[in-house]
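# Examination of the molecular architecture
Given next are the chains, with one letter for each unit.
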4 protein chains.
Amino acid sequence: MKLAFLGCGIMGVPMAKNLLKAGHDVCVWNRTAAAAAPVVEAGGTLAASAADAAREADVVFVMVSTPEAALDVAKAAAHGLAPGKGYVDVSTVDAGTSATIASIVRAAGAEFLEAPVSGSKKPAEDGALIFLCAGDESLYTKVKSPLETMGKAHFFLGDVGQGAKMKLVVNMIMGSMMGAFAEGLTLAEKSDLDPKTLLEVVSLGAIASPMFALKGPSMVAGTFAPAFPLKHQQKDMRLALALADELAQDMPVAAAANELYKRARRDGADDEDFSAVLKAVKK
Amino acid sequence: MKLAFLGCGIMGVPMAKNLLKAGHDVCVWNRTAAAAAPVVEAGGTLAASAADAAREADVVFVMVSTPEAALDVAKAAAHGLAPGKGYVDVSTVDAGTSATIASIVRAAGAEFLEAPVSGSKKPAEDGALIFLCAGDESLYTKVKSPLETMGKAHFFLGDVGQGAKMKLVVNMIMGSMMGAFAEGLTLAEKSDLDPKTLLEVVSLGAIASPMFALKGPSMVAGTFAPAFPLKHQQKDMRLALALADELAQDMPVAAAANELYKRARRDGADDEDFSAVLKAVKK
Amino acid sequence: MKLAFLGCGIMGVPMAKNLLKAGHDVCVWNRTAAAAAPVVEAGGTLAASAADAAREADVVFVMVSTPEAALDVAKAAAHGLAPGKGYVDVSTVDAGTSATIASIVRAAGAEFLEAPVSGSKKPAEDGALIFLCAGDESLYTKVKSPLETMGKAHFFLGDVGQGAKMKLVVNMIMGSMMGAFAEGLTLAEKSDLDPKTLLEVVSLGAIASPMFALKGPSMVAGTFAPAFPLKHQQKDMRLALALADELAQDMPVAAAANELYKRARRDGADDEDFSAVLKAVKK
Amino acid sequence: MKLAFLGCGIMGVPMAKNLLKAGHDVCVWNRTAAAAAPVVEAGGTLAASAADAAREADVVFVMVSTPEAALDVAKAAAHGLAPGKGYVDVSTVDAGTSATIASIVRAAGAEFLEAPVSGSKKPAEDGALIFLCAGDESLYTKVKSPLETMGKAHFFLGDVGQGAKMKLVVNMIMGSMMGAFAEGLTLAEKSDLDPKTLLEVVSLGAIASPMFALKGPSMVAGTFAPAFPLKHQQKDMRLALALADELAQDMPVAAAANELYKRARRDGADDEDFSAVLKAVKK
């Protein structure tokens, strides 16, 4: 099975390299060819266009950073798609965009899978991503081997849209947890408790989590280098609340956390890490 | 160093037995003597009263279930306290009660340590509790060996009251996290996503936590056997918010979560596990 | 100046009749002609189509109940519009729809005014509506006389979209107020205070309002006949919060109230009056 | 019936003067005698102590500014109380203090009425206060005439504590309304709508209220001279939420508004008018 990998950014490069390392035959393309260099060096072949890449491959993987880019790439690649081929978009896009891409791919006779990932740069390098898949189940079965190469887990969740929804649910919980954590750090500090001790106590008990362990020290230090930008976390809270709204389901904790992220955005934290919500609590 | 252990309930019995197992000399007392039997069988000597136990011991440990009981025990034990002795209350009480107990103990010339624990029955049995200590630091130093026997970690946090505050901060984060988790489970279910799959996805990622792993399956099953009763969780949210109020610090996420626990109490979940907050979200 | 009035529903009929009573020459149209009968009886002339009505009139007023209907009517009427004519949409529509209608009208060479009203059936009958106008100021000036006939006040707020925004702001305050009122009624009742006495106390003080005076007694009686359906109030909260989101402005009180309306919707109150939010607080 | 009036502050002076103007025989006392001068000039007789005033009068009215002062005055006045006399405390105190004062008064054989007022300086001068009475109903009946002199309405609400609760309910609604109003003003401004126009639109519709009319212009002007200090409003929100907590009743809108007042306090607005909550929304 020949693979194409479209999109060579922070996530795409290590993912494609992991595929190559595992012995897959990978044809690569990126809007700016220079970014594809590390993948070519690792043994990938460079395609002249997204359509060319699609033409050469049995299955196309796509990892780009915005819904707009995902749509553009799908339109371009569609010229190279055909019955028997598969198109797996592992970018994170909204349900509407995902449905549009599904239509484009299927109109070309190919199968479609949305497969947004949980995990960022480090898990991408370590082949430890989690794929939240939805769409054509036969394609899901077909791509198990590359998914196992790039990730530590993959789930099939149903029709197109369900992968995006699962990701929103997880990110909503994450956003509220981070808001709660920021409040706890602030209350500790104002109560003359050492926030570092709080981190240690938390790390030993029932609420310990990799996120608290990873973000806690930098939050205490007041540094917020963006691993996951705050504006994207707030967008996911908004979309999760909109999903809940459609379902007439109240989410008071998430709604309160969302307002906190909006407050942080008002104070200019859009491009900082989402843990900078601490500043909105503490100023 | 001779120890006394007052209070032989779900937590006290395994804690006292762990002390004996480690070779400590332990004199035990309980309001109803029968409950002390397992500790006596394990090698403890039974005291006729709290005062007698205090007279015989160098350091007294107390583990009872309410602030009222903690106060009663302190008043009774004080008759046996004297300079050179220490009194360590590992019960969870409010800051006011803790300060009163400190006064009683110190009026008798003894040293005082509040040391509320993080952890419940299982960690008590496994010697894996976490002690949040505050009060007389010299007593803290003196009791390191028994604390190490009963727990996996202990912290000295400052003046009397700081241990209680640390516990409130941790429980406040825990309460908000559980509220967020309950919302996530509900949103998943209403979005036709399998909540069990959500548990699995969560367990693999940055927000994985022992609490989600432990409580998730029973929440999905709709069972809420009380490990930590909901009314106590709500009480801790209320006290944490009151602490924040004194400090003029807003806590919007915790406040929203607190209202959710109040809603659950309105619906009659006082004595169920605090994870029953799920029912308030989902009905 | 010859007027057309499109849309003969609960609001449109009394508004058109008020125009006729004041001596205006009014041509009327409704999708189902029967509904236009009361206006024809009062002296209006019946047009065969929205386009015909637009052809005959200098200024067209439109009052329909949904954005979809407003758009359909605009498309139809556009065939009869021409330079020198004006088109005043007094329906409540979202900003996007209003902008689309503005384009359609202006493409036909006519001027456009969005003029959503504050006030419902009774103020429509009494000529006591409030018009929140935005769009072409020259048209605003031109229609002052009919606006004065139908309403007690009218404001010019700027470019197309500003009328809709003003209405959202007012309805957002209203929604939060009603949520607060519902909580107060519930707290009174649970505190063994007579809610009717609360209504009286409120009516005499600084927070007295026509809304509390009107809705309070039916809320205490537990009846919620829909003057303004709860689902529409919740939609306005959602849109106001979305507007705030675009502006990176947090609105924690409105967000909490919005969740309460969503809870009421979950409990099936979509088509009851928005004061039925009381049931979500009180159950 | 001879009256005593204890407490000659901003509220007490005009209230006592209104009693004199209506022909009542009033004996007056204040901790610092100078403040009583305006009442003496208006025809009151000055008592040497609270006890003396109580001895001379059939019914004692008390208006002081804190629960502590109310308690001190009651203790002092009790020496002059006796069976057949009445003691009416129109100060605003918490339920606990009110219950203590009731015990003190009744231990002296006298009857007790708590009667906190709704209304501030201007209504006190105009005899337009609202009295929320609770306690001994026979005393309520006995003091109708002076209450009618000082106020425009009075209610009997039941046992001691019910007056305080009614006041909390009203102030809780008021606090949430003000929070909602502050959010509306902010959203208007950020949407390029003139906040003054919003005030006008609000004043004409269903949500018009004396509070919005009075506070709106100063809020738009950014001035917050304290008529009702923000820290007191926040205290009332906190007490109302505590009352709801005891009753296991969730109040999500009030809880969100309370956090907003706490945020304003964090930013230093304790002693500004409670409408300064606008600054917490808008910064």
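The model shown is predicted, which means the values in this text are computed figures rather than measured ones.

What counts and how
Residues numbered from 1 in each chain as written. Chains lettered and ligands numbered in written order. Predicted model: local features only at pLDDT ≥ 70, side-chain atom pairs only at ≥ 80, totals over all residues. Heavy atoms only, no water. Contact = heavy atoms within 4.5 Å. Buried area = accessible area lost by both parts, 1.4 Å probe. Salt bridge = Lys/Arg side-chain N within 4 Å of Asp/Glu carboxyl O. Polar contact = N/O pair within 3.5 Å; in protein donor to acceptor, adjacent residues only side chain to side chain. Least-squares fit on C-alpha atoms with pLDDT ≥ 70 in both. Helix = DSSP H or I, 4+ residues; strand = E, 2+ residues; numbered from the N terminus. Nonpolar A, V, L, I, M, F, W, Y, C, P; charged D, E, K, R; others polar. UniProt positions renumbered as here; feature names shortened; annotations may be inferred. Buried < 20%, exposed > 50% of the residue type's maximum accessible area, 1.4 Å probe, protein only. Pairing = 2+ DSSP bridges. Axes fitted to C-alpha atoms, helices over the stretch in contact; angles between N-to-C directions. Parallel < 35°, antiparallel > 145°, perpendicular 65-115°, else oblique. Expected span 1.5 Å × (residues − 1). Domains from an automatic or database assignment.

It is worth spelling out the interface of chain A and chain D at this point. At the junction of the two partners, chain A supplies eight residues and chain D supplies eight residues. Of the roughly 640 Å² buried between chain A and chain D, counting both surfaces, carbon and sulfur atoms make up 25%. In terms of surface lost to chain D, no three residues of chain A exceed A:Arg263, A:Arg266 and A:Lys283, which account for 70% of the buried area on that side. At the surface where chain A touches chain D, the tally comes to two salt bridges. Of the charged contacts, one joins A:Lys283 and D:Asp267 as a salt bridge, the two residues approaching to 3.0 Å between their closest N and O atoms. One can count eight residue pairs in polar contact (both at pLDDT 80 or more) joining chain A with chain D.

Each of the two copies of the chain can be brought onto the other by a rotation about an axis and a shift along it. When chain A is fitted to chain D, the residual RMSD is 0.1 Å, and the transformation amounts to a turn of 180° plus an axial shift of 0.0 Å. Classification of the inter-copy transformation places it as that of a two-fold axis. Most of the interface of chain A is mirrored in chain D, where 100% of its interface residues are also at the interface.

Facing 56 residues of chain C, the contacting portion of chain D comprises 56 residues. Contact between chain C and chain D buries roughly 4,900 Å² in total, counting both sides, with carbon and sulfur atoms accounting for 77%. At the junction of chain C and chain D, the tally comes to zero salt bridges. At the boundary of chain C with chain D, the tally comes to 16 residue pairs in polar contact (both at pLDDT 80 or more). Those elements giving two or more residues to the side of chain C that touches chain D turn out to be β8 (129-135), β9 (151-156), α9 (162-190), α10 (195-204), α11 (210-221), α12 (230-246) and α13 (252-266) of chain C. Top element by residues in the side of chain C that touches chain D is α9(C). It accounts for 19 residues. Across the side of chain C that touches chain D, the residue classes tally to 38 nonpolar, ten polar and eight charged.

Residue and element names in this part refer to chain A. Using the residue numbers shown here, the UniProt feature "active site" (unreviewed entry) corresponds to Lys167. Note on placement: lysine 167 falls in helix α9 (residues 162-190). Sequence-distant contacts of lysine 167, that is, excluding residues within four places in its chain, are made with Thr92, Pro116, Val117 and Leu132. Separated by 2.8 Å, the side chains of lysine 167 and threonine 92 make a polar contact.

With that settled, consider the pairing of β8(C). All names here are of chain C. Across the seven residues that make up β8, a large majority, seven, are buried. Neither face of β8 is left uncovered, since the one carrying Leu129, Phe131, Cys133 and Gly135 and the one carrying Ile130, Leu132 and Ala134 both have all their residues buried. Here strand β6 (residues 111-114) pairs with β8 via two bridges, running antiparallel. When the bridges of β8 are listed, glutamate 114 appears paired with alanine 134. Relative to β8, strand β7 (residues 117-118) is paired through two bridges, and the arrangement is antiparallel. Among the inter-strand pairings, valine 117 is bridged to a residue of β8, identified as phenylalanine 131. Relative to β9, β8 runs parallel, the two being bridged by five bridges. Residue pairing for β9: isoleucine 130 is matched across the bridge by alanine 153.

The next thing to look at is the side chain of D:Thr197. In this structure, D:Thr197 sits in helix α10 (residues 195-204). Dropping the residues within four chain positions of it, D:Thr197 is found in contact with C:Phe155, C:Leu157 and C:Met166.

The next point concerns the pattern of salt bridges. What the rule picks out here adds up to 63 salt bridges over all chains. The partner of C:Asp250 in a salt bridge is A:Arg263, and the shortest N-O contact between them spans 3.7 Å. You can see C:Asp250 sitting in the loop between α12 and α13 and its partner A:Arg263 sitting in helix α13 (residues 252-266), one on each of two chains. On the accessibility criterion, C:Asp250 (4% relative accessible area) is buried. Residue A:Lys279 is joined to A:Glu272 by a salt bridge in which the shortest nitrogen-to-oxygen separation is 2.7 Å. Judged by relative accessible area, A:Lys279 falls into the partly exposed class, the value being 36%. On the basis of relative accessible area, A:Glu272 is assigned to the partly exposed category, the value being 23%.

The packing of two helices is summarised by the inter-axis angle and the distance between the axes. Residue and element names in this part refer to chain D. Orientation of α10 relative to helix α11 (residues 210-221), taken along the N-to-C sense of each, is 175°, at an axis distance of 10 Å. On the basis of the axis angle, α10 is roughly antiparallel to α11. Where α10 abuts α11, its residues Pro195, Lys196, Leu199 and Val202 lie against Phe212, Gly216, Pro217 and Val220. For the contact of α10 with α11, a count of residues per class yields six nonpolar, one polar and one charged.

A word on helix α9 (residues 162-190) of chain D. Residues and elements named next belong to chain D. Compared with an ideal rise of 1.5 Å per residue, which puts 29 residues at 42 Å, α9 spans 42 Å between its outermost C-alpha atoms and is within 8% of the ideal. Counting buried positions along α9 gives 26 out of 29 residues, so the element sits mostly inside the fold. Positioned one or two residues after α9, aspartate 192 has a phi angle of 60°, which is positive.

What follows covers the domain arrangement of chain A. Domain parsing of chain A yields domain 1 (2-159) and domain 2 (165-282). Taking the mean C-alpha position of each, domain 1 of chain A and domain 2 of chain A sit 30 Å from one another.

A polar atom in the side chain of B:Asp250 sits 2.8 Å from the side chain of D:Arg266. When near neighbours in sequence (up to four residues on either side) are disregarded, B:Asp250 contacts A:Val281, D:Glu259, D:Lys262, D:Arg263 and D:Arg266.

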